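# Residue-level structural notes
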Amino acid sequence: GINAEYGATGTVEAMFTQLLTTAAALLLLGGHVHADTITSAYLVDGNTSGVSWGTVMVGVKTHNSSVFGMVCDDYMNVTTADFLCKAAGFEYGLYEWSNNRISQHNISKEAWNELGGRFALDNLKCPPGVKTLEDCLYVTPGTHNCRYDEGVVLKCMGVKLLKRDGVPGSRGTVLFHGLINGSRSSGLVGAGGVDNKTAEALCNMAGYKYQVGYDFTKNIYRDYKLNCDTIQEENISVVAEDLNCFSNSTVSRNCSASAASEDSDIDNALWLSCSNDGDQFWELTNITLARNTPGNHEEEDLMTGSRWGTVLVTMRNTYTGKERRGLTRYINSPYTPSSICDMNGYTKKNPIYRIAGQISDYSNAKMSCGFIIKNEMKFVLSYLDCPGYYQKLSGCSFTVADEGYSPGNDNALWIGCY
């Protein structure tokens, strides 16, 4: 309609002036007049495309051309990154974003160059809830002032884990979004037939590295699963059965499923527990006392199972199969040394325990500095506690040391079982 504030004679002129002003403002802000569209979007990690965590690559069609490339991180924010995740097919949007400079999940420079080595969008800024590119601000597609390091890296979600009242978390009832018999559907998944690799893939799609466990929802305590009231209010139903995902799948298109039958039971929906903390999968496999004669630094020179020596820990990751061997930090408690002596066949209630630096460098009573350096012995535990005399290995608690953790080799735990 006509805005009365312009008056009868100035209406057309004022409206025309306002139109020009709006167009100019859009251009100054990096906006656009023509309806540009995103024709393709996917994530690349290293040289692998179609993942849920990687550098986002987009194709943009303008009124007279097309361009394909990365998105620059200038002006990037959470709502814009969420829009890009959804453009790439991840219905549940963004988990987190970063850039090629700091992320380990970036596209390789070789792969980027093979894809043209270009940026498609720069200064992209989208408001919350935006559905299309034309509702965002950005400079002319293909123009930019960015380097490789500024490419946007996204971690997106195709799966949500919902607890009571629909609260998202690392464990909960699985809400799946994907293609089922050619149709895109969102809802619960039947737990029947789901195997370990499928559960792992779903954790990846939910933004987590590791699968901890999966079960039927009916077997889970009420606070850790989607409750009945929320299911009713949100009209959520079981949409898929017999879900099967390829190993290392990170997107739902790598999964197959059957449409749920009419009698599918919500109580039999899939529940999943995931984590980004790999430490929970480490287990202690051996703790011994080790020493060598200074100047003799080969592996065969190491004497283990001795009555005295530097504590040497071996552990295994039950998830990856990886093994680590190294030192643990001194702990001021008689229980842990007593238990370690007992594990090595020396029953001693009150053994001697010291920091390794208190033991002579000229003796063969500990792991020598030369041996530690040559064999790159690191601290694998920052904490070890066996809470009682003569504890078994399984009874000890521990904290896995971060990569690079080093309180100093002199602070390693040394024990004498005498």
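Scroll up for the structure.
All of the points below concern the structure found in this document. Just so we're clear, the structure is a prediction, and the values are computed from it rather than from any experiment. (Residues numbered from 1 in each chain as written. Predicted model: local features only at pLDDT ≥ 70, side-chain atom pairs only at ≥ 80, totals over all residues. Heavy atoms only, no water.)

## Examining the side chain of Thr 173
Note the following rule: In this text, helices come from DSSP runs of H or I with a minimum length of four residues, and strands from runs of E with a minimum of two, each type numbered from the N-terminal end. Definition of a polar contact: a pair of N or O atoms within 3.5 Å, with one able to donate and the other able to accept a hydrogen when the atoms are protein atoms, and with sequence-neighbouring residues admitted only if both atoms are side-chain atoms. By definition in these notes, contact holds between two residues if any of their heavy atoms fall within 4.5 Å.
Inspection of the secondary structure puts Thr 173 in strand E9 (residues 171-180). Within the structure, the side chain of Thr 173 is placed 2.9 Å from the backbone nitrogen of Leu 226, a separation counted as a polar contact. In this view, Thr 173 contacts Lys 160, Leu 161, Leu 162, Leu 188, Thr 217, Tyr 224, Lys 225, Leu 226, Leu 270 and Trp 271; residues no more than four positions away in its chain are not counted.

## Things to note about the packing of aromatic side chains
Note the following rule: Aromatic pairs are defined between Phe, Tyr and Trp rings, using the six-membered ring for Trp, whenever the two ring centres lie within 6.5 Å; interplanar angles under 30 degrees are classed as stacked, those over 60 as edge-to-face, and all others as tilted. Only protein chains enter the accessibility calculation, which uses a 1.4 Å probe; a residue is then buried when its area is under 20% of its type maximum, exposed when over 50%, and partly exposed in between. Working rule: Lys NZ or Arg CZ, within 6 Å of ring centre, within 35 degrees of ring normal, means a charge sits over the ring.
On inspection of all chains with the given rule, the structure shows eleven aromatic pairs. Consider the rings of Trp 112 and Tyr 148, whose centres lie 5.7 Å apart with planes at 45 degrees: the pair is tilted. On the criterion of sequence distance, the pair formed by Trp 112 in helix H3 (residues 109-114) and Tyr 148 in the loop between strand E6 (119-121) and strand E7 (152-156) is long-range, its members being 36 residues apart. As far as burial versus exposure is concerned, Trp 112 and Tyr 148 are alike and both buried. Each member of the aromatic cluster is reached from another via a ring pair, and the members are Trp 112, Phe 119 and Tyr 148. The side chain of Lys 155 reaches across the aromatic face of Trp 53, ending 4.0 Å from its centre.

## Notes on the nonpolar core
Filter applied, for reference: The nonpolar core is taken to be a set of buried Ala, Val, Leu, Ile, Met, Phe, Trp, Tyr and Cys residues, with the residues joined through side-chain atoms within 4.5 Å.
Grouped together as the largest cluster of nonpolar side chains are 27 residues, with contacts concentrated most on Val 56, Val 58, Val 71, Leu 84, Leu 121, Leu 124 and Leu 154. Elements with a contribution of two residues or more to this core: strand E1 (37-45), strand E3 (53-61), strand E4 (66-71), helix H2 (78-87), E6 and E7. Not counting residues within four places of it along the chain, the set of residues in contact with Val 56 comprises Tyr 42, Leu 43, Gly 69, Met 70, Val 71, Leu 84, Val 152 and Leu 154. Counting residues in hydrophobic clusters, the runner-up holds 23 residues, among them Val 159, Leu 161, Leu 202 and Ala 240.

## Some remarks on the environment of Arg 118
Mapped onto the elements of the fold, Arg 118 is located in the loop between H3 and E6. Overall, the relative accessible area of 40% leaves Arg 118 in the partly exposed class. For the pair Arg 118 and Phe 68, spaced 50 residues apart in sequence, the C-alpha separation works out to 6.9 Å. Excluding its chain neighbours within four sequence positions, the residues that come into contact with Arg 118 are Val 67, Phe 68, Gly 69, Met 70, Trp 112 and Gly 142.

## Comments concerning the state of the cysteines
Using the following cut-off: Any two cysteine sulfur atoms lying within 2.5 Å of each other are counted as a disulfide.
On inspection of all chains with the given rule, the structure shows seven disulfides. Between the sulfur atoms of Cys 203 and its disulfide partner Cys 274 the distance amounts to 2.0 Å. Here Cys 203 and Cys 274 share a disulfide; its torsion about the S-S bond, -80 degrees, makes the bridge left-handed. Here Cys 203, found in helix H4 (residues 196-205), pairs with Cys 274, found in strand E14 (residues 270-275); they are 71 residues apart in sequence, far enough to count as distant. In this structure, Cys 203 and Cys 274 share a single accessibility class: buried. Each sulfur of the disulfide joining Cys 245 and Cys 255 lies 2.0 Å from the other. Measuring the twist about the S-S bond at about 105 degrees, one finds the Cys 245-Cys 255 disulfide to be right-handed. Here Cys 245, found in strand E12 (residues 238-245), pairs with Cys 255, found in strand E13 (residues 255-259); they are ten residues apart in sequence, far enough to count as distant. Each member of the pair, Cys 245 as well as Cys 255, is classed as buried.

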